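What follows is each chain in one-letter form.
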Amino acid sequence: QTPASAMLRSLVGSEMCIRDRWSRAFSHRKVAEGQERYVLHLKNSWMNIQSKFKSHEWHCHPGYHIAGTYYMRVSSEQGGIQFQNPNILMQHCNFPENPRNSQSLEFIPGDGDIILFPAWLMHNTMPNITDVDRISVSFNIDIELPMGQT
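Because the structure is predicted, anything quoted here is derived from the model rather than measured. (Residues numbered from 1 in each chain as written. Predicted model: local features only at pLDDT ≥ 70, side-chain atom pairs only at ≥ 80, totals over all residues. Heavy atoms only, no water.)

Colleague: Give me the sheet that holds strand 2 (residues 66–73): which residues, what numbers.
Modeller: Working definition: the strands of a sheet are paired by backbone hydrogen bonds and lie parallel or antiparallel to each other. Pairing within the open sheet is antiparallel, and its four strands lie in the order 1-7-2-5. The open sheet is flanked by strand 1 (39–50) and strand 5 (114–118), the only strands paired with a single partner. Averaged over all pairs of adjacent strands, the angle between strand axes in this sheet comes to 20 degrees, irrespective of strand direction. Where strand 1 lies against strand 7 (residues 134–144), eleven bridges are found, and the strand directions are antiparallel. Bridge assignment links glutamine 50 to a residue of strand 7, and that residue is arginine 134. (Pairing = 2+ DSSP bridges. Helix = DSSP H or I, 4+ residues; strand = E, 2+ residues; numbered from the N terminus. Axes fitted to C-alpha atoms, helices over the stretch in contact; angles between N-to-C directions.)

Colleague: An account of the pattern of salt bridges is requested, with residue identities and associated values reported.
Modeller: A full pass over the atoms with the stated rule returns one salt bridge. A salt bridge links lysine 52 to aspartate 131, with the shortest nitrogen-to-oxygen separation between them at 3.2 Å. In this pair, lysine 52 is assigned in the loop between strand 1 and strand 2 and aspartate 131 in the loop between strand 6 (123–125) and strand 7, connecting sequence segments 79 residues apart. Looking at lysine 52, the relative accessible area reads 33%, which means it is partly exposed. (Salt bridge = Lys/Arg side-chain N within 4 Å of Asp/Glu carboxyl O. Buried < 20%, exposed > 50% of the residue type's maximum accessible area, 1.4 Å probe, protein only.)

Functional significance is not addressed by these values, which are geometric in nature.
Printed below as a string of structure tokens:
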């Protein structure tokens, strides 16, 4: 267990916070009495400390189901996380940009926010333009369905 994963587990209450957020997505699944509908596995985690002018380039998290970030210290001036529109036509057809038709969406998190998103979704972080470090903990989660579930 890394220091980052220990911190993350304590912050989200041994994954219960994340488990509660995803329970609705699996509530329709029929399972045998006493069996879990799904099991979440925190696969890895790491600290992000971004000083002035630092950012992360576009990337995704292949091989995982859910990616997430817990924001420890962030402000709107430090930049947010940007998600690329997964519609391939938006990326290659030069449609005019407007609120309903954009290539990306930026989300400005606040201190204590947790953002969960599909691990395949391309994302980056905007540059931190302040003298104060932006601090977050990112992680990957896999979802395991018990045998016999679909």
